[in-house]
Each structure stands twice: as C-alpha cells, then as structure tokens.
Amino acid sequence: MCSSDLWLLLFASMMAKESGLLFALLLFIGSGERRTAALWCGASAIASGAIAKYGAIGQLGPSAIGYIDNPLAYVGVGERMLNGLLIAARYLFKLVIPWPLSPDYSYNQLALYDVGWAGVMLAAGSLCLIVGAVWLSWKFDGLERWGWYFVAAILLVSSIPIASSTLFAERLMYGPAAGLAVVVAILLEKSRVFVRRVGFSALCCIFLTLLARQIPVWQSDEHLFRHAVNVSPDSA
C-alpha cells in the first residue's frame, strides 16, 4: 500500500529537486507484485508536486536556461541529440571510472560537435553502448525493468528528449547510478563465484586507489581550488 509517509517523502523530494521524479519511478520499478499501489503512489505524488509548483511560480520548468549552463538548449534538435549521445557516453564512463572529478563542467570544458561526419560517428558509438545495455536487459532474466530504467535515466540527463538545465553534472548521475548498480548486482549474482570475487576485488582496488588520490585534495580550501584549476582550467 501507499502509506502517507511514503507519499510525503516522494512529494517532498520533488519539491526539493526535479530529479526527485526518479524516486517515484524507482518505486514503481522495484515494487514487484504491488505495482498498482506503487504506481498510484508515484503518479499522485508527481501530479501533486506539479500542481504545487505551478501554483507557486506559475510554471513547471525554468523560465530560461543560460547558455553557459547548457548550450544544447540553443541548437537544433538534430545537433542536440547527437551531442546528447556523446554526453550519455561521458556519463557512462564517469559511472564506471569516476576520474577525474571536477567541481564544474562548463561549455568551455566539454567540446560540442557540429552535425558532421565526426559528430555522427562519435554519436553512433555512443548509441551502440545504449543499444548494448538494452540488449543485456532482454537477454538476462530480471534485468528488463532495471535495464530500461538505466537507459531512460541516462538519456534524460543527457538532454536527448529535452534540454536539461545543466549540460553535465556529477549530481545528475545519482539516478542512472542506481539503475546501473542493480544491473551489475544482478549480473554478478548470475555469474560464477570466481567471477564475482575477481570483479569485487577489482572494483575495490580501483575505487580505493581513486579515494587515496582524492583525499589530499581536501586538505584545505587552497588545495581544493588549486586542484579545481588544474583539472578544469576552463571551468574553474
């Protein structure tokens, strides 16, 4: 059943941040046999949040998206979708190997491509990665819902269906990361014990190494901002 506490949690998450919509979607996907009740809970919370936002500010979306925040809001649909596929590939890489990290990703740092052969080829490669994720979702039992959720979430934050308010941001990876984590967990569960142990050990080594390299950055404000300038000179 949809308890009042759960409904209020979903409603409050959407009032705090638009990405709170993903929590309602996650509730529906992971509900199992209680999908009808979960769907009603998520849908009613989304509708109530939209009504409350429109009543408060008179609109559902931002009044304008700054060019510095997302230049893809100022290009044609074809160019936006091609570059969106490249952004999706960048998100996927960051989810697998979160390095290097940056406090900001501006349009100067992330190069956009014209609708030419180079852009088409790069976008085609990104599309192959997405199609591969969909194929895995159909091939393995239990991955259908989570595979589709991961693909939908990563396309949404990549400005493909509509231009998002930000070109690229690590905070937008929370939704896709949830879907990818479940997909990887299901695949590991279906694999052999040896594969699981090797995969888990490799992940621990990678992330512990990245953690050890990132800790010194937070020694002081000066270290933090010097690192930001070195990593993202066009954004800091």
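Residues numbered from 1 in each chain as written. Predicted model: local features only at pLDDT ≥ 70, side-chain atom pairs only at ≥ 80, totals over all residues. Heavy atoms only, no water.

K.L.:
Tell me about the overall build of the chain, and please be specific about residues and values.
P.N.:
A count of helical and extended segments in the chain gives 9 helices and 0 strands. Per-residue burial for the chain yields a buried fraction of 31% across its 236 residues. A total of about 14,500 Å² of accessible surface is found on the chain, and carbon and sulfur atoms cover 69% of it. (Helix = DSSP H or I, 4+ residues; strand = E, 2+ residues; numbered from the N terminus. Buried < 20%, exposed > 50% of the residue type's maximum accessible area, 1.4 Å probe, protein only. Areas by Shrake-Rupley, 256 points an atom, 1.4 Å probe, with all protein chains shown as cover.)

K.L.:
Tell me about the side chain of R80, and please be specific about residues and values.
P.N.:
Take R80: it is sitting in helix α4 (residues 77-96). Comment: no salt bridge for buried R80; closest opposite-charge side chain is E79, at 9.8 Å. Residues within four places of R80 in sequence aside, it is in contact with L72, V75, S159, I160, P161, I162 and A163. (Lys, Arg positive; Asp, Glu negative; His and termini not counted. Salt bridge = Lys/Arg side-chain N within 4 Å of Asp/Glu carboxyl O. Contact = heavy atoms within 4.5 Å.)

K.L.:
Account for the environment of L127, with residues named and values stated.
P.N.:
Position of L127 among the secondary structure elements: in helix α5 (residues 117-139). On the accessibility criterion, L127 (42% relative accessible area) is partly exposed. Residues L127 and L86, 41 residues apart in the sequence, show an inter-C-alpha distance of 8.7 Å.

K.L.:
Explain the confidence of the model for the chain residue by residue, including any values.
P.N.:
Do not read the predicted coordinates in detail wherever pLDDT is low. Put simply, the chain has an average pLDDT of 76, and 74% of its residues get 70 or more. Here helix α2 (residues 21-29) is the element of the chain with the lowest mean pLDDT, 62, and helix α8 (residues 193-214) is the one with the highest, 85. (pLDDT = per-residue confidence, 0-100.)

K.L.:
Quick rundown of the nonpolar core? Include the residues and the values.
P.N.:
Membership of the largest hydrophobic core comes to 20 residues, with the highest contact counts inside it found for I87, Y91, L95, L110, F150 and F168. Listing elements by their share of this core, those giving two or more residues are α4 and α6 (144-156). Filtering out sequence-adjacent residues up to four positions away, F168 remains in contact with I87, R90, Y91, K94, Y105 and L110. The next biggest cluster of nonpolar side chains, apart from the first, holds 6 residues, and it includes L143, W146, A153 and V183. (Core = buried A, V, L, I, M, F, W, Y, C linked by side-chain atoms within 4.5 Å.)

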